[in-house]
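Residue-level listing of the chains:
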Amino acid sequence: MRVPLLDVRRQNQPLEAGLSAAFERVLRSGQFILGPEVEQFENAAAAVAGARFGIGVSSGTDAILVALMALGIGPGDEVICPSFTFFATAGCVARVGAVPVFADSCPACFNLDPAEIERRVTPRTRAVIPVHLFGQPADLDEILEIARRRNLAVIEDAAQSFGAEYRGRPVGAIGELGTISFFPTKNLGALGDAGLVVTNDASLAEKARRLRNHGMHPRYFHSVVGGNFRLDALQAALLAVKLPNLPEYTALRQQHAAEYTHALAGMAGCPAIAISTPAAHPDRTHIVNQYSIRVRPGPAWRHPESPRDALRRRLAERGVASEIYYPVPLHAQECFRALGPHPALPAAEACAAEVLSLPVFPELTAEEAAFVISEIRQFASEANG
Ligand SMILES: Cc1ncc(COP(=O)(O)O)c(C=O)c1O
């Protein structure tokens, strides 16, 4: 059986009539840049994130860039972010001329360890970017408490967590600004690149709105240097067709996750291959953008290849796709070598060496999920004896 990591066609094909109608509407309107399609989607999406303001932008990456620019972060500033995350979180900090300061994560739930912020803060620190990784909110209360005490802004990188809740509140606008991605792999995926900045702060919203359009207001008058970070009207119209289905997409992901967790429970102490399922905090919702297990060698593991890589290879031989999000922590990336030698971040390094993300897209069938589970169990039982 072939099980893909993600098949966007299964999600988009049933919506073809609505998506085609949206395309035709935009085509006939002749309004391709900003305009009412963008505004309507911004309002609807901001409501999902519990935010007063939503500013549509060209990607989740550009959302982070605009958020940093709106806060005036630049050369001489430091921004604390996790090392175990997608590159964009720290890449944007470097792109505005500030220094990304890497912090370690919780090895069980994969999110930024709040205690690390205190360890890394300096008089130059301006902001912290907690990432709600894989779909589960970070420890926002602890992070916000430290941020308030240390006078740091909080940008929530909610690229993977659109619609997730922390203690009953949607993530995104709990900190000063939040950034969301609609990259096709996300729970709400565009038919291309798209993103959103959210905030409850009217002044930051106004800055972000200006910055995404060359810092221009009124037309051809530039009070600040911005860029072209605009969301296309076409992507906004297509996303608006998919948005009402987001709760169903997420519920299906959560069902698959519950099934995986049930079937793979009790394997964390196995002698050769120890498999742990992702820790879920009861006070927040996990929207399961990724379902990531950790695969560790036990004392009886005798091969030079890591058990994670061996499992991944075996799954691929059997037709099951999986992915390593992320194989190299950011503090070890070549492009950040110029920052100087970095102290070890043991949890981030362990996560990079041990995580494996399984197919968990909403349209995964029961047979496919059962096949993935049986292949993992069989591989583990052969190794564990
Ligand atoms: C944690 C995180 N931050 C930022 C981004 C950037 O989003 P985009 O791909 O839309 O630019 C992503 C997307 O993969 C992400 O996972």
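Right, let's walk through the structure included here.

1. Comments concerning the overall build of the chain
Part 1 of the argument: Check the secondary structure of the chain and you find 13 helices and 12 strands.
Part 2 of the argument: For 385 residues, the compact-globule estimate of 2.2 N^0.38 gives 21 Å, and the C-alpha radius of gyration of the chain, at 21 Å, lies within 12% of that figure.
Part 3 of the argument: Out of the 385 residues belonging to the chain, those deemed buried represent 56%.
Part 4 of the argument: For the chain, contacts bridging at least 24 residues in sequence account for 72% of all contacts bridging at least 6.
Part 5 of the argument: Summing over all exposed atoms, the chain offers an accessible surface of approximately 16,000 Å²; the carbon and sulfur share of this is 56%.
Part 6 of the argument: Taking the 36 positively charged and 40 negatively charged side chains of the chain as two groups, their mean positions are separated by 2 Å.

2. Things to note about the pairing of strand β2 (residues 78-82)
Part 1 of the argument: In terms of burial, β2 is a largely internal element, 5 of the 5 residues being buried.
Part 2 of the argument: Here β2 shows a buried face lined by Glu78, Ile80 and Pro82 and a second buried face lined by Val79 and Cys81.
Part 3 of the argument: Where β2 meets strand β3 (residues 99-103), 5 bridges bridge the pair, whose relative direction is parallel. By the bridge assignment, glutamate 78 is partnered in β3 with valine 99.
Part 4 of the argument: Note that β2 and strand β4 (residues 125-128) share 3 bridges and pair parallel. The residue bridging valine 79 from the neighbouring strand is alanine 127, located in β4.

3. Structural notes on the sheet that holds strand β10 (residues 273-276)
Part 1 of the argument: The strand order across the open sheet formed by 3 strands is β10-β11-β12, and the pairing between neighbours is antiparallel. At either end of the open sheet lies a strand with only one pairing partner, and these are β10 and β12 (355-358). Across the sheet, the axes of successive neighbouring strands diverge by a mean angle of 30 degrees, strand direction being ignored.
Part 2 of the argument: Taken together, the 4 bridges between β10 and strand β11 (residues 291-297) define a ladder with antiparallel strand orientation. Of the residues in β11, the one forming a bridge with serine 276 is arginine 294.
Part 3 of the argument: Against the sheet, helix α10 (residues 246-264) contacts β10, β11 and β12, and its axis sits at roughly 20 degrees relative to β11.
Part 4 of the argument: Docked against the sheet, helix α12 (residues 346-354) engages β11 and β12, running at close to 95 degrees with respect to β11.

4. A look at the sheet that holds β2
Part 1 of the argument: Here 7 strands make up an open sheet; going across it, the order is β1-β9-β8-β5-β4-β2-β3 and the pairing mixed. Pairing within the sheet leaves two strands with one partner each, and these edge strands are β1 (53-57) and β3. Recorded for the sheet is a direction-independent mean angle of 25 degrees between the axes of neighbouring strands.
Part 2 of the argument: Inspection of the sheet shows strand β8 (residues 177-181) paired to strand β9 (residues 195-199) by 4 bridges, in the antiparallel sense. Directly across from threonine 179, in β9, lies its bridge partner valine 197.
Part 3 of the argument: Seen against the sheet, helix α5 (residues 88-95) touches β2, β3 and β5 (153-157) and runs at an angle of roughly 150 degrees to β3.
Part 4 of the argument: Across the sheet, helix α8 (residues 202-211) lies against β1, β8 and β9, angled at about 15 degrees from β1, the strand it touches most.

5. What about the site of the ligand?
Part 1 of the argument: In the vicinity of the ligand there are 16 residues, among which Gly60, Thr61, Gln160, Ser181 and Lys186 approach most closely.
Part 2 of the argument: Measuring from an oxygen atom of the ligand, one finds a side-chain N or O atom of threonine 61 at 2.5 Å.
Part 3 of the argument: A distance of 2.7 Å is found between an oxygen atom of the ligand and a side-chain nitrogen or oxygen belonging to serine 181.
Part 4 of the argument: Alone, the ligand offers 390 Å² of accessible surface; in the complex the protein occludes 93% of this.
Part 5 of the argument: For the shell around the ligand, the secondary-structure elements that each account for two or more residues are α4 (60-70) and α5.

6. Quick notes on the environment of valine 355
Part 1 of the argument: On the secondary structure map, valine 355 appears in strand β12.
Part 2 of the argument: By relative accessible area, which is 0% here, valine 355 ends up buried.
Part 3 of the argument: Measuring from C-alpha to C-alpha, the distance between valine 355 and proline 327 comes to 8.2 Å, with 28 residues separating the pair along the chain.

About the thresholds
Residues numbered from 1 in each chain as written. Predicted model: local features only at pLDDT ≥ 70, side-chain atom pairs only at ≥ 80, totals over all residues. Heavy atoms only, no water. Helix = DSSP H or I, 4+ residues; strand = E, 2+ residues; numbered from the N terminus. Rg over C-alpha atoms; globule rule 2.2 N^0.38 Å. Buried < 20%, exposed > 50% of the residue type's maximum accessible area, 1.4 Å probe, protein only. Contact = heavy atoms within 4.5 Å. Areas by Shrake-Rupley, 256 points an atom, 1.4 Å probe, with all protein chains shown as cover. Lys, Arg positive; Asp, Glu negative; His and termini not counted. Charge placed at Lys NZ, Arg CZ, Asp CG, Glu CD. Pairing = 2+ DSSP bridges. Axes fitted to C-alpha atoms, helices over the stretch in contact; angles between N-to-C directions. Near = heavy atom within 4 Å. Polar contact = N/O pair within 3.5 Å; in protein donor to acceptor, adjacent residues only side chain to side chain.

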